[in-house]
Amino acid sequence: MPHDRLRRRLIASALAGPLLARAAAGDWPAIQRAARGQTVWFNAWAGSERINAYLQWAAAEVRERHGVTLRHVKVADTAEAVKRVRAEREAGRLADGSVDMVWINGENFLAMKREQLLFGPFAEALPSYVHVDTAGKPTTRVDFSEPVEGMEAPWGMAQLTFFGDARGVPQPPRSLGALLAFAKQHPGRVTYPRPPDFHGVTFLKQVLLESSADRAPFARPVAPERFAADSAALWSTLEALHPSLWRHGRQFPPNAAAMRQMMADGELLIAFTFNPNEAANEIAAKRLPATVVSWQHAAGTIGNTHFLAIPFNARAKAGAQVVIDFLLSPRAQARKADIAHWGDPTVLAVERLAPAERALFERAPAPGTVAQPAPVLPEPHASWVEAIEREWARRHGQ
Amino acid sequence: MGAPPRAVTGRWRARLWLVPATLFVAPLAAALGWGVADGIDAGAWSRLLADPRFRPALALSLQVGAASTALAAALALALATALHGTRAWGRLVHALPALLAVPHAAFAIGLGLLVMPSGFLARLVAPVAGWSAPPDVATVHDPGGWALVAALVLKEVPFLLWNVAAQWQRVGQAAALERQLQTAAAMGYARRTAWARVLWPQWLPTLAWPLLAVWAYSLAVVDMALVLGPTRPPTLAVLAWQWLLDADPAANRQGAAAALALALAMAGVAAAVALAWRASRPWRASRWTRGDRPAARDAAGRRAAGASAAALVSVYAAVLALLGFVSVAGVWTFPDLAPQRWTGDAWSAVRASASTVGLTAALALASSAAGLALAVAWMETTPARWDARAAPAVFATLLVPGVLLAGGLYRAALQAGVDGRFAGLWLAHTVHVAPYVLVALAPAYRSHDPRYAQTARALGRGAAATLWRVKWPMLLAPLAAAFAVGFAVSVTQYLPTQFVGAGRHATLTTEALTLASGGQRDVAAAFALVQALLPAAVFAAAAWIGRPGRPPGGGR
């Protein structure tokens, strides 16, 4: 029976995964040797020509240093790659898969990890992993409250960051209360992307954390009988906020990119992003005026990490590990953090690096960067996302 | 070539239709089998029906589809009626290839830039109206979906006019048409009455397929609905698309169920309209033949139609010009008419992707050639009355949301081991291209007068020579037009290219859409323009090949 055969092969590959990873831990030179000559098809979101250019630089570097050919498979949505790997397994293709490496986090990681579509654990055995700031940046080991367990390697940091033109927002609202007051003062000039858009849901989570006196319940799975009480502050805050929003809170932009464009056009005064350097990037790309400033709420905003993973059926597992190790190296991370190239915050503990490597990260502040960084608030437990989405759809979604 | 016994030839010929039918239906059936299987899931349907957005989204989709189809048909017929035989018609037909070549998504982006609250029109009005911030009016994403209807109408009117023009361009048609009009005029009927009572009743059945395609497209469209359509709820096609692309398999099944629901609603309404049309025939016949001679101010109608045609072409010109303008606009705050900063970044991104043009063109040429071959083979081997049998297969591709079909095709390609290869891509594109080619070609091909071929055969020409020397040269214009339609369809494919190609074969469209996911307007505008160029070139070539007065048979 094909199904039995498939199941047996799945079990075999699930068993083989950890064995291979342990071999990886012991024998890095062997992995480097195996990687030489391999082609790594890296499925990565390609919505920014600057990110694409950074990956071209990385491709030239790994070819020269390690003899690995890195090819960027441009995707509009990471879910495309997840679906491909899943379909390949359903079709019985347990080796020679089309995806060697994927840029991932959150629900896509959760889906791939739970369905055992990932190769690993491998991440913590990479030589460059020693520099990762696992203590100072705990989200490098917990991805949306799902333990990473070495199944993906941290690549960059994200934190909810607001931005607006200082000419329209001379005193940025650095708390939820101040944002509410600002929206009342400037009716129709503030909004958030429509949930279940990722950024829209993040905004709701920020309001949930910031408006609730007791944050303890959010670290745990949602208790259905307590959901109404635990989330009451979120809904009452939204009731107060919505009448002052763009289109009176009856319409919402589809995503953060649309919100950013509306802010650039002057339709909105405030937009927000998960990349603390996005405004600085856009200023450098001449799409935002240099008078745009970025800020975070003083008491902290939600932050997380994005990662690199290797599917279970990747053809070039060794090559992918070598590429990921390079992307985690201080040199690659410093260039990625540079606003002239990408501006994606590093996952490394810069203060622990050797002085020469630390110097790579030192740069004069660019216009548009966050002046006063705020603490990172951990994401609520993953079960809160669906509960909030459903309740928002019921109250405001139709 | 030795002649085989007649009986054998006859039986062989009678079964010949199996070849194109199988070639066309097999990959499609495999893909649909995989795709639709997901939608037949009780859990998915109960979740779909319980979703509070389902009913309003379905109602919205039907409303948008009905309004845009009816308006596009009315406008196209009115324009064709009023302008037939005028110089304005000739000019309009010349402009059609350019209008058709603008991809739907590109047109929607450009139209949005024109009419949105911070768009160019609002900036023109701002100094007069005293606006310092964009007006708080939903000119796009309006809850009724009228921005989407407007865009669909503007995009579908040229498609319908193109079909009408392709009919009229056929050899001998122009003369026949003129004779009928003259006869009607001699009998005292105004031009408009002659059209309504004599000519359109003959022509409308040949436009049934294009109209059905317009109706199907307006229900299934996702890209335009994302750019211009309502958001709370969006159309059902958008909801299905979001669910089908979700990482969660349960959401995928709900999306497949939504896609099936949409296809059923579409087919149901289309069948009801067809039945009503047939049932009303006696009533129509009695109205048309009662012999009255209503007065019609043909001249005024002509002037209005000429103005409408000019307006249609102007909107396209404005949209394309605005795309060009925005592609170099950096910082551009409302209400300024010109950007504060210009940027060439978008065009450097286009230059960096220039290598994809070759693959895009090769894929489009290969798949539209295959599509054309399949369509011609189908029509050569089957009688016209069999077209109804092909209709479900043809409309399945037009109707079934692209995500579902792409997912099914991808799984079929995985099984066949052609994923990630050019052959797989070619197959996937052909499955999408062939139905459009068939829809575009069938009316002209089916109404080709069989007496030409009979005469050629009677004069001793073989079947092949009859096709090559007589029939196809006479049908050169519709053949070239259908090829161009297929080419344009191939160029705009995103999901099949990404899935079946495993993302490894970048085309202009995959480059454009992956970059557009970053929401950078200058990049989106620049790629939208470039995407329009390739099909425009092919449409122009098709128009040149099929130009009136070109001697049939290539000027020997």
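Residues numbered from 1 in each chain as written. Chains lettered and ligands numbered in written order. Predicted model: local features only at pLDDT ≥ 70, side-chain atom pairs only at ≥ 80, totals over all residues.

**Topic: the overall build of chain B**
Short version of the rule: Helix and strand labels come from DSSP, where a helix needs a run of H or I of at least four residues and a strand needs a run of E of at least two; each type is numbered from the N terminus. In this setup the radius of gyration rests on C-alpha atoms only. A globule is expected at 2.2 Å times the number of residues raised to 0.38. Counting other C-beta atoms within 10 Å of its own, a residue is labelled buried from 20 upward, exposed at 12 or fewer, and partly exposed in the gap between, with every C-beta atom placed from the backbone.
Looking only at helices and strands, chain B has 27 helices and 0 strands in total. Taking 556 residues into account, the globule formula puts the C-alpha radius of gyration at 24 Å, and chain B, at 24 Å, falls close to it. Taken along its principal axes, the extent of the C-alpha atoms in chain B is 75 × 65 × 50 Å. Buried residues in chain B amount to 48% of all 556 residues.

**Considerations on the nonpolar core**
Nonpolar side chains tend to gather and get buried jointly when the protein is soluble and globular. Definition in use: In this usage, the nonpolar core is the set of buried Ala, Val, Leu, Ile, Met, Phe, Trp, Tyr and Cys residues whose C-beta atoms join them within 7 Å. An automatic or database domain assignment is the source of the domain bounds shown. Residue pairs qualify as contacts under a 7 Å threshold applied to their C-beta atoms, which are placed from the backbone.
Ranked by internal contacts, the top residues of the largest apolar core, which has 284 residues, are B:Ala76, B:Leu161, B:Ala237, B:Leu262, B:Ala375 and B:Val437. Ranked by the residues each element gives to this core, the list is headed by helix α21 (residues 422–446) of chain B, at 16 residues. Two domains each provide a minimum of three residues to this core, namely domain 1 (2–155 + 307–360) and domain 2 (161–303 + 374–396) of chain A. Those residues in contact with B:Ala76, other than ones at most four positions away along the chain, are B:Val157, B:Leu160, B:Leu161 and B:Val164.

**Comments concerning the interface of chain A and chain B**
Many analyses report the size of an interface as the accessible area lost when the parts associate. Put simply, the rule reads: Charged means Asp, Glu, Lys or Arg here, nonpolar means Ala, Val, Leu, Ile, Met, Phe, Trp, Tyr, Cys or Pro, and polar covers whatever is left, Gly included.
Taken together, the contacts link 46 residues of chain A with 50 residues of chain B. Counting only elements with at least two residues in the side of chain A that touches chain B, the list comes to β1 (39–45), β2 (69–75), α4 (79–90), α5 (106–114) and α10 (256–265) of chain A. The dominant element in the side of chain A that touches chain B, judged by the number of residues it contributes, is α4(A), at 6 residues. Looking at the side of chain A that touches chain B residue by residue, the classes come out as 19 nonpolar, 12 polar and 15 charged.

**A short note on the sheet that holds strand β8 (residues 271–273) of chain A**
All names here are of chain A. Formally: Pairing between strands requires that DSSP locate at least two bridges from one strand to the other. The axes used here are C-alpha line fits, helices contributing only the stretch in contact, and every angle between their N-to-C directions lies in the interval 0 to 180 degrees.
Reading across from one edge, β8-β7-β9 is the order of the 3 strands in this open sheet, with antiparallel pairing throughout. Across the chains shown, the open sheet's two edge strands, defined by having one partner strand only, are β8 and β9 (292–295). On average, adjacent strands in this sheet sit at an angle of 30° to one another, irrespective of strand direction. Sheet topology places strand β7 (residues 161–165) next to β8; 3 bridges connect them, and they run antiparallel. Following the sheet pairing, Phe 163 is matched in β8 by Ala 271. Strands β7 and β8 of the sheet are contacted by α10, whose axis makes an angle of about 140° with β8.

**Overview of the domain arrangement of chain A**
Residues and elements named next belong to chain A. Here chain A is described as being made up of domain 1 (2–155 + 307–360) and domain 2 (161–303 + 374–396). Placing the centre of domain 1 and that of domain 2 at their C-alpha centroids yields a distance of 30 Å. Residue-level contacts link 11 residues of domain 1 with 11 residues of domain 2. Its residues placed into classes, the side of domain 1 that touches domain 2 shows 5 nonpolar, 3 polar and 3 charged.

**Re the environment of A:Val68**
Residues and elements named next belong to chain A. Looking at the element boundaries, Val 68 is found in the loop between α3 (49–66) and β2. Along the backbone, Val 68 and Val 323 are 255 residues apart, and their C-alpha atoms lie at a distance of 7.7 Å. When residues no more than four places from it in sequence are discounted, the contact partners of Val 68 are Ala 35, Gln 38, Val 40, Val 62, Arg 63, Gly 319, Val 322 and Val 323.

**Structural notes on α3(A)**
For the α-helix, the turn length of 3.6 residues means that residues three or four positions removed from each other point alike. Residues and elements named next belong to chain A. Stated formally: Between the first and last residue of a helix there are one fewer steps than residues, each counted as 1.5 Å, and that sum is the expected span.
Compared with the 26 Å implied by 1.5 Å per residue over 18 residues, the 25 Å span of α3 between its first and last C-alpha is a close match. Turning to α3, its buried residues are Glu 49, Arg 50, Ile 51, Asn 52, Tyr 54, Leu 55, Val 62 and His 66. Backbone geometry just downstream of α3 places Gly 67 in the positive-phi region, at approximately 65°.

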